Amino acid sequence: MEDTTTPAQAHPTAATYLRIAAILVIITVVEVGVFYVPAFRPLMVPILLTLSAVKFVLVVMFYMHLKMDSPFFTFLFGGPFLLAGAVMIALLFLFGVFALGR
Amino acid sequence: MSHAATVHHTSMGLDNRKMAFWAFIGSECLLFGSLISTYLIYQGRSISGPTPAQILNIPVTSVSTFDLLMSSLWMVLALAAVQRGDMKWAKIWLLGVAVGGLIFLGFQYYEFSSFVHEGLTLQANLFGATFFVLTGTHGAHVAVGVLWMLTLWVRALQGKLGPGHAITVEIAGLYWHFVDVVWIAIFTLVYLLHK
């Protein structure tokens, strides 16, 4: 795999940034397509959540440079992010959002 | 690389401003996590309309999402330009980010105005209350980001921004990209997966 980082900053090159942008746009188009195509309706939730997660990870890893930066920054971001996710899931269970037959 | 600006390193060898900003972004995760949770908990529990299915405009929001994604690209290009000392392109990309943010805010103003016109206000129902608080808080973050980008752009015009100040632009970029990833979550959870 080609080295996409510059030695001085260890940040991706402009070409990598453009590739990531293209992927983000394509995923967004696919998301909107999935929303409008009735055939995807039964699997819409897992598909859209997965695509959204991929976009999230791409931006955080490449545009916010967590892939290249100190792991301590990943800890500073990842810790509260996981805590927020856990609190969200707990609240959704607590208020019956995931309850069957609603 | 020349370092005109003062370097602020911690005992870990990391820039203290960047470390503090990542901690701030972590706290922002909890803020937006609570707002998104509140929206999802009350989703579908409004006893009167308008409902999300009746009012949300997916094509318009898709365009504003595209605009915000592009502004994130321009932000990293601005940072790369500052790092290599290409201030001409740094100024262009920084202004592009600010304009991209303003366009996003314009879309949000149009959306909010049309919703209010159709009867959805903060007081109308649970959907209105949670929707406007969540997307309004995000919009306020975009507005702060636009002011930040314009400040950097003016400093670049004055010749007070160079490769030695790349960390300043990088931290502004972290903020802008965080605003972008929050929108990625809102676009999916609020707009595409509405009930």
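Calculation criteria
- Residues numbered from 1 in each chain as written.
- Chains lettered and ligands numbered in written order.
- Predicted model: local features only at pLDDT ≥ 70, side-chain atom pairs only at ≥ 80, totals over all residues.
- Helix = DSSP H or I, 4+ residues; strand = E, 2+ residues; numbered from the N terminus.
- Buried ≥ 20, exposed ≤ 12 C-beta atoms within 10 Å, placed from the backbone.
- Contact = placed C-beta atoms within 7 Å.
- Axes fitted to C-alpha atoms, helices over the stretch in contact; angles between N-to-C directions.
- Parallel < 35°, antiparallel > 145°, perpendicular 65-115°, else oblique.
- Left-handed = near helix turned anticlockwise from the far one by under 90°.
- Nonpolar A, V, L, I, M, F, W, Y, C, P; charged D, E, K, R; others polar.
- Core = buried A, V, L, I, M, F, W, Y, C linked by C-beta atoms within 7 Å.
- Domains from an automatic or database assignment.
- pLDDT = per-residue confidence, 0-100.
- Expected span 1.5 Å × (residues − 1).

S.K.: Residues and numbers for the overall build of chain B, please.
M.R.: Each helix and strand in chain B was counted, giving six helices and zero strands. The order of helices and strands in chain B, counted from the N terminus, is α-α-α-α-α-α. The dimensions of chain B, computed from C-alpha atoms along their principal axes, are 60 × 35 × 20 Å. Looking at the 195 residues of chain B, the share that counts as buried comes to 43%.

S.K.: Before we move on, can you summarise the overall build of chain A with the specific residues and values?
M.R.: When helices and strands are tallied, chain A shows three helices and zero strands. Within chain A, the proportion of its 102 residues that are buried is 26%. Summarising the internal contacts of chain A: among those between residues at least 6 apart in sequence, 42% fall at separations of at least 24.

S.K.: Pulling in residues and values, what's your account of the packing of helix α1 (residues 16-42) of chain B against helix α5 (residues 126-157) of chain B?
M.R.: All names here are of chain B. As a packed pair, α1 and α5 sit with axes 9 Å apart at the nearest point and diverge in direction by 160 degrees. The pairing of α1 with α5 is recorded here as roughly antiparallel in orientation. Classified by chirality, the crossing of α5 by α1 is left-handed. Across from Leu35, Ile36, Thr38, Tyr39 and Tyr42 in α1, the residues of α5 making contact are Leu126, Thr130, Phe131, Val133, Leu134 and Thr137. Residue composition of the contact of α1 with α5, by class: eight nonpolar, three polar and no charged.

S.K.: Just give me the short version of the interface of chain A and chain B, but keep the residues and values in it.
M.R.: With 38 residues of chain A in contact, the opposing surface of chain B contributes 36 residues. Of all elements in the fold, only α1 (14-36), α2 (44-63) and α3 (71-94) of chain A reach the threshold of two or more residues within the side of chain A that touches chain B. If you tally residues by element for the side of chain A that touches chain B, the top one is α3(A), at 14 residues. Grouping the constituent residues of the side of chain A that touches chain B by class yields 30 nonpolar, six polar and two charged.

S.K.: Talk me through the nonpolar core; I want residue IDs and the actual numbers.
M.R.: Ranked by internal contacts, the top residues of the largest apolar core, which has 71 residues, are B:Leu77, B:Ala78, B:Leu94, B:Val97, B:Met149 and B:Leu152. Put simply, the parts of the chain that give this core at least two residues each are α1, α2 and α3 of chain A together with α1, α3 (58-83), α4 (87-117), α5 and α6 (166-192) of chain B. Shared between two domains, this core holds at least three residues of each, these being domain 1 (1-69) and domain 2 (70-102) of chain A. If we skip the residues at most four places from it in the chain, B:Leu152 touches B:Leu94, B:Leu161, B:Val169 and B:Ala172.

S.K.: Now, about the confidence of the model for chain A: what can you tell me, with residues and values included?
M.R.: For chain A, mean pLDDT is 87; residues scoring 70 or higher make up 86% of the total. Per-residue pLDDT stays below 50 along residues 1-9 of chain A; that stretch engages in eleven contacts with residues further than four places along the chain or on separate chains.

S.K.: Let's hear about α1(A): which residues, and what values?
M.R.: Between its first and last C-alpha atoms α1(A) spans 33 Å; for 23 residues at 1.5 Å apiece the expected length is 33 Å, and the two agree. Here α1(A) has its buried residues at A:Tyr17, A:Ile20, A:Ala21, A:Leu24, A:Thr28, A:Glu31 and A:Val32. On its buried face, α1(A) sits against α2 of chain A together with α3 and α6 of chain B.

S.K.: So, the confidence of the model for chain B: which residues are in play, and what are the values?
M.R.: Residues and elements named next belong to chain B. Taken as a whole, chain B shows an average pLDDT of 94; of its residues, 96% reach a score of 70 or greater. The spread of mean pLDDT over the elements of chain B runs between helix α2 (residues 52-55), the lowest at 93, and α5, the highest at 98. Reported confidences for the modelled complex are a pTM of 0.91 and an ipTM of 0.90.

S.K.: Run through the packing of α3(A) against α1(B), naming residues and quoting values.
M.R.: Contact geometry of α3(A) with α1(B) gives a least axis separation of 8 Å together with a crossing angle of 15 degrees. As summarised for this structure, α3(A) and α1(B) are arranged roughly parallel, according to the angle between their axes. By crossing handedness, the relation of α3(A) to α1(B) is classed as right-handed. Residues that form the contact of α3(A) with α1(B) fall into these classes: 20 nonpolar, six polar and no charged.

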